[in-house]
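# Descriptive structure summary
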Amino acid sequence: MFVIRSIYVRFLSIVILAFLGVTLMIQSLPITTDTCKCEDRDIQHEKFHSSFREVTSDKPKLAILVPFRDRFDELLRFVPHISAFLDKQQVPFHIFVLNQHDRFRFNRASLINAGFLQVKDQFDYIGMHDVDLLPLNDNLKYEYPGEGPLHISGPEFHPKYHYATFIGGILLLKVEHYQQLNGMSNRYWGWGLEDDEFYVRIKEAGLEVFRPRNITTGPENTFLHIHDRLHRRRDTTKCYNQREVTRRRDRETGLNTIRYTIVDRKELTVDTVPVTVLNIDLECNKTQTPWCECDMKTDSKKKV
């Protein structure tokens with residue numbers, strides 16, 4: 001009987017010691033809970049994005065304006081490429097993707113007008129930049145165009161367009177000059193000609209178009225043009241009297257007549273590069289530009 005009691009006492013002592021040991025181990029561990037301090041996390045998220053909305057530098061600040069619709073794969077290539085390219089030049093910049101959110105035909109010029117009005121108070125100059133054109137030559141300097149518009153993708157270097165008055169692709173302008181020109185025409189729904197009309201505005205204002213110098217590369221290796229024309233056919237449809245109207249100088253529309261709504265603003269990163277996406281609804285005055293929508297069936301008799 002004594003032996004059984006002794007074994008029982010010893011067993012109980014071991015259990016008590018084990019319990020105390022486990023308790024001490026648990027107390028020594030860091031206390032955690034399964035609740036999320038979502039408010040604190042939201043504040044940190046907002047601070048993170050706020051940190052890259054403002055470009056802090058003594059140098060002139062560049063807003064890269066990228067007119068955009070349904071070109072996400074090209075955007076994924078464009079953002080890290082242009083970021084690395086401009087970082088080499090120590091250009092303070094931020095990328096704004098001007099995403100056309102409405103149902104109308106694509107309007108590159110109006111998107112740039114809308115984007116300009118959103119950034120003009122925070123930046124010194126803008127870069128009107130096609131998402132499918134990537135600079136390869138490091139001597140293509142995205143410098144402040146103080147004397148006049150700086151056309152980076154000159155006709156002697158562009159992979160596709162080589163006429164002397166071409167100013168498409170990549171064009172830099174200081175804020176004051178873009179305001180002086182009243183921006184671009186809002187009449188160009190669909191693809192083409194908005195740059196040609198803008199060139200006339202520049203010339204009539206007495207401004208000179210400058211282009212990079214000492215470029216030894218040519219059309220085949222100065223830029224990489226990543227547009228797939230078979231996969232993404234350009235909207236070249238002409239309906240109503242579009243062809244006639246858009247081949248004339250527009251003295252009525254521009255920054256002072258653009259009508260649009262910023263649906264929302266998204267801050268994101270692409271390969272660690274900060275990007276602001278502005279989802280934009282453009283308005284169309286169908287009395288002035290009915291070709292913002294071309295119905296192939298009902299408008300077939302109205303085409304020119």
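This write-up is about the structure you can find in this document. (Residues numbered from 1 in each chain as written. Predicted model: local features only at pLDDT ≥ 70, side-chain atom pairs only at ≥ 80, totals over all residues. Heavy atoms only, no water.)

## Notes on the overall build of the protein chain
For the protein chain, the count of helices and strands is seven helices and nine strands. Sorting the 304 residues of the protein chain into buried and exposed places 44% on the buried side. Across the protein chain, the fraction of contacts at a sequence separation of at least 24, relative to all contacts at a separation of at least 6, is 79%. If you sum the accessible surface of the protein chain, you get close to 17400 Å²; carbon and sulfur atoms cover 53% of it. (Helix = DSSP H or I, 4+ residues; strand = E, 2+ residues; numbered from the N terminus. Buried < 20%, exposed > 50% of the residue type's maximum accessible area, 1.4 Å probe, protein only. Contact = heavy atoms within 4.5 Å. Areas by Shrake-Rupley, 256 points an atom, 1.4 Å probe, with all protein chains shown as cover.)

## A word on the pattern of salt bridges
Here the structure, examined in full by the defined rule, presents 21 salt bridges. With a shortest N-O distance of 3.0 Å, Arg 71 and Asp 132 are connected by a salt bridge. Note that Arg 71 is positioned in the loop between β1 (62–68) and α3 (72–88) and Asp 132 in the loop between β3 (125–129) and β4 (133–135), a separation of 61 residues in sequence. Of the two residues, Arg 71 and Asp 132, neither departs from the other in class, the shared state being buried. Taking the shortest distance from any N to any O, the salt bridge between Glu 267 and Arg 265 comes out at 2.7 Å. (Salt bridge = Lys/Arg side-chain N within 4 Å of Asp/Glu carboxyl O.)

## Focus: the environment of Gly 115
Following the sequence through the fold, Gly 115 ends up in helix α4 (residues 108–119). What makes Gly 115 buried here is its relative accessible area of 0%. Taking the C-alpha atoms as reference points, Gly 115 and Pro 67, 48 residues apart in sequence, are found 8.7 Å from one another. Residue contacts for Gly 115: discarding those within four places in its chain leaves Leu 65 and Leu 98.

## Quick notes on the sheet that holds strand β6 (residues 170–174)
Sheets are built from strands that pair by backbone hydrogen bonding, the pairs being arranged parallel or antiparallel. Taken in spatial order, the seven strands of this open sheet run β5-β6-β3-β1-β2-β9-β8, and their pairing is mixed. Among the strands making up the open sheet, the edge pair consists of β5 (150–151) and β8 (260–270). As judged from the 10 bridges shared by β8 and strand β9 (residues 273–282), these two strands associate in the antiparallel manner. Residue pairing across strands places Asp 264 opposite Asn 279, the latter belonging to β9. Lying over the sheet, α4 contacts β1, β2 (93–100), β3, β8 and β9, oriented at roughly 145 degrees with respect to β1. (Pairing = 2+ DSSP bridges. Axes fitted to C-alpha atoms, helices over the stretch in contact; angles between N-to-C directions.)

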